[in-house]
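# An overview of the molecular structure
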Amino acid sequence: MELAVISGKGGTGKSSVSAAFASLHERIVLADCDVDAANLFLLFNPVNDEEMVFVSGHKAVIDREKCTDCGHCVSYCRFDAIDVRNDEVWINEIACDGCELCARVCPEEAIAMVPEADSRMYSGSFRKGKMVYGRLAPGEENSGRLVDLVRKQAKEIAKKENIATILLDGPPGIGCPVLSTITGVDHVVIVTEPTLSGLHDLKRAVELTHNYDIPTSVIINKYDLNEAIALQIKAYCSFEGLMVVAMLPFDRRVVEAMVHCKSIVEYAPDSEVSKLLQSACKKITHGWAVGCV
Amino acid sequence: MKVAISATGDTVESSVDSRFGRCSFFAIFDTDTHNVKFITNTAAESSQGAGPAAVQLLAGNQVQQVVSGEFGMKVKPLLEQLSIKMLNLQNGQHTILDVLKQFK
Amino acid sequence: MNNKKPGFTIAVASGKGGTGKTFISTNLFNTLQKYSYKVTLVDCDAEEPNARQFTGGKKVSTKLVTQLVPVIDESKCVYCGKCFEYCTYNAIFFVKEARMIRVLDDLCHGCGACTVACEPYGAIHEKEDELGTVNHYEITPGVTVVEARTKVGVHSSVKVVKEAIRSAYDADVVVLDSPPGTSCPFIQTVASADFVVLVTEPTPFGMSDLKQSVETLRHMGKPCGVIVNRAGLGTNEVYDYLSSEQLPLLMNIPFDRSIARIYSEGNLLTEQDDGWQMQFNLMYNLITERYGISCNKW
Ligand code: SF4
Ligand code: SF4
C-alpha cells in the first residue's frame, strides 16, 4: 500500500507528520519525494547502500578550440542564453534551456550538449526499515522524473524486502512533482495549517486529489494558533466529504524532537500530538493488510 | 492483432506496470502467432512527454491494443486517433501471464 | 524595451517553503512604503502567488506572456520527421506509418528548432501561446505590486518571472518575493537582485536548506544575509553557522503566537506594530549602507 503525505504549501509541518507515521509502523519503506529539499534523512540518518546519479537534463557548452566566434548561433537562441562579449561567444548556463538548436546550427560543430549530472538518488536502511530519497542539485530541473525514480526504487525495495507499506513524503505545492508523487497511491493525507493561505492551498490540493480520484484525508496542524480559521477549514472539509483525521495542537516538543533527530512519536510518545497522530494513522490504514502499531 | 501490456520487468512473471508512459518494458503479444516479445520502453527516460513518446513507440510496432493501469489526458486522444484500443487494468497486482491468458 | 535602470533590488528567499518568506517581503515592502520610498514588490512565486493577500492594491494592467509554438500545415508536410528529430522535448508527435503529425502545445518550450528543421519544406509557421500573465497593482502612486502568474500546467515559470522583474523598473527599491527552493525560477529571480535576504528557521531542516541556498548564492557571487524566523523554537546552531560563515544576521524574529495570528489572518505586522516597522527600516538601511553603494556603481 502506498500512502502519500502532501501539503498545499511548505511549512505546514508535513515532514514531522510523515516522520511520525513512519515511526508508527513496524517496518516501512519511507520515500522522501521532496527532492528539492529532502530532509527526512536528517532525522532518520539512514545508512545508504546505493547512490545513483540522476541526469536531469542537458546544457550547451562551447568548445573554445573549435569556436571561431562567428556568432551564427546567437540569433537562433530563444532563451537569450547566447551572448557576444568582447567578440567572444558565451553561453549563459543559467539561461540555457537545453534545446540543442545552437549545437545543430553551428557550422564548426563547436557546441556539445553535456549532461547535468549533479543530482542524486540514495537508498538505504534506517531504524524503521528502508529509505529512499532524491536530491536535486540547485538550478536543475525535472523534479517530477526524479520523484518517479524514487517511487520506482521504493516499490522494488518493498517487494524485495516484503514490506507492506510505502510512505511517500511529498513536495510542497501542487506542481508536477506533486502529481508524480500522488498518481496511483492508495491514500493521500493533506497537512494544512489554520491560516487563510493555508485554506486556499488546501483547496487547491484537494482539487488535485479529487481529479485523480484518490481517497483523501486532512490533518489540521497547530490548529490552536487560530481556532476560528481551523473551524473554517473543518467546515470546508466536511462540506467536501473529507475526513479530518487529526487536529493537532501547537507543541514546542514537535520542534524539539526534530532537533534531537527524532520523530515526535519517538521523542514524546505520551504527548497529545503523538496520541492524536497514532489514532490518525490507524484511521487511515484501517483495513490495510498491515497498518499502524 | 498485436497487444501491448505495460510491464515492470521483461518476463511474463513480471507484474503489469500501472503507469503507461513511464513503465520499464512493454510486453507485445501477437494474438495470431501467440508470440510474446518484450521491448524496453525508451520513452520512460524522457524528461517530459513520456506518454506520447510511448504511443509513438507502440504505433511503430503496429500495436492495436494496449493494456495498462491508466492513460493520461495527453495520451488518450493520440491513441484514439491511431485507433489503438485502451484497456484499463485497475490495481497493478496482476502478472503479464494473467493478462495474456485473457487473450488466448 | 526601456533602458531605465532598475532601483536597488532585494530578493527575499528561503530554501524551503513556509519559513515566512512572504511574511518578510510583504512587511519590508509595507515599511518602505511608509518611509516614502517608491517601492515595487514583485511576487515571483508564479505557481502560487499570494503576496497580494497581504498588500491589496488596485489592478492597473495585465500583460500576457507568450511563447511561439509551431503550427504544422499538413498540406505542405512531407512527413519526413525532421522536426520530430529536432525537438528535444517530445513536443512533436509523429507516426510515420500513419502519416500522423501533431504539435503538443503543453510540452513545447518554444525553442524554434522545428521551424529551422522544416525550412526546406516551409510547413511550419508559429503562433503565440500563453504562458501566464504579469499583473500590476497600484497601492498609491509609485507604490506597486507586480504579480507573476503562470498558467496551470505550463512547464516552467522562468519566462513569466523574468518578464515580471523586467517590468519593475520604475521604482527606487524593488523587493522580489522569490520562489521557494533552489530550482530554476529561484536562480532566475536572485540573478537579478543586488542583495538576497534568506529567511530560515532555527531547526535542522531549516539549517540544511539554508546551507544549500548559501552555497548556491556564493557560487553565483551574490551577497546575502539571513533572517532567523520563529527564533526560540529550535537550536542555536544556526547562529554558530552564521558567524563561522561570516554571514550577517539581519533580523531575529522570535516565535510569538500573536505574530503567527496576525499572519494567519492575512494582515501585516508592520501595519500594527511601529516597533517592527522601525526594525524593518533599520534592516533596509543596514543592507543599503553595506551593499547598496558598491552595487550602484555598475
Ligand atoms: S520537418 Fe516539416 S515536412 Fe518534415 S515532418 Fe516536420 S513539418 Fe513535415
Ligand atoms: S518549438 Fe522547440 S519545443 Fe516546440 S515543438 Fe518546436 S522543437 Fe519542440
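Summary of the structure given here. Bear in mind that the values here come from a model prediction, so they are computed numbers and not experimental data. (Residues numbered from 1 in each chain as written. Chains lettered and ligands numbered in written order. Predicted model: local features only at pLDDT ≥ 70, side-chain atom pairs only at ≥ 80, totals over all residues. Heavy atoms only, no water.)

### Description of the site of ligand 1
The environment of ligand 1 is formed by C:I72, C:C77, C:V78, C:Y79, C:C80, C:G81, C:K82, C:C83, C:I101, C:C118, C:Y121 and C:I124. In terms of residue class, the shell around ligand 1 is built from 10 nonpolar, 1 polar and 1 charged. (Near = heavy atom within 4 Å. Nonpolar A, V, L, I, M, F, W, Y, C, P; charged D, E, K, R; others polar.)

### Details of the sheet that holds strand β1 (residues 2-7) of chain A
Residue and element names in this part refer to chain A. If you walk across this open sheet you meet the 9 strands as β3-β8-β9-β2-β10-β1-β11-β12-β13, and the pairing is mixed. Each having just a single partner strand, β3 (47-54) and β13 (243-247) make up the two edges of the open sheet. Adjacent strand axes in the sheet meet at a mean angle of 20° when their direction is disregarded. Helix α6 (residues 196-211) rests against β1, β11 (187-192) and β12 (216-220) of the sheet, and its axis sits at about 170° to β11. (Pairing = 2+ DSSP bridges. Helix = DSSP H or I, 4+ residues; strand = E, 2+ residues; numbered from the N terminus. Axes fitted to C-alpha atoms, helices over the stretch in contact; angles between N-to-C directions. Contact = heavy atoms within 4.5 Å.)

### As for the environment of C:F29
All names here are of chain C. For F29, the position within the fold is in helix α1 (residues 21-34). Given a relative accessible area of 1%, F29 falls into the buried group. F29 sits 145 residues away from V174 along the chain, and the two C-alpha atoms are 8.6 Å apart. Residues in contact with F29, not counting those within four places in the same chain, are V39, T40, L41, T55, I139, V143, T144 and V145. (Buried < 20%, exposed > 50% of the residue type's maximum accessible area, 1.4 Å probe, protein only.)

### Brief notes about the site of ligand 2
In the vicinity of ligand 2, the residues found are C:P70, C:C87, C:Y89, C:A91, C:I92, C:C108, C:H109, C:G110, C:C111, C:G112, C:A113 and C:C114. Here the shell around ligand 2 is built from residues that sort into 9 nonpolar, 3 polar and no charged.

### Concerning the interface of chain C and chain B
Where interface size is given, it is often the accessible area lost as the parts come together that is meant. Taken together, the contact between chain C and chain B spans 16 residues of the former and 14 residues of the latter. Each partner contributes to the roughly 1200 Å² buried at the junction of chain C and chain B, and carbon and sulfur atoms together form 63% of this total. Its largest share of buried area at the contact with chain B, chain C owes to C:N90, C:F93 and C:L107, together 41% of the area lost on that side. At the boundary of chain C and chain B, one finds 0 salt bridges. On inspection of chain C and its partner chain B, the count reaches 8 residue pairs in polar contact (both at pLDDT 80 or more). For the side of chain C that touches chain B, the secondary structure elements donating two or more residues are β4 (92-95) and β5 (100-103) of chain C. The greatest single-element share of the side of chain C that touches chain B, amounting to 4 residues, is contributed by β4(C). Classifying every residue of the side of chain C that touches chain B by side-chain character gives 10 nonpolar, 3 polar and 3 charged. (Buried area = accessible area lost by both parts, 1.4 Å probe. Salt bridge = Lys/Arg side-chain N within 4 Å of Asp/Glu carboxyl O. Polar contact = N/O pair within 3.5 Å; in protein donor to acceptor, adjacent residues only side chain to side chain.)

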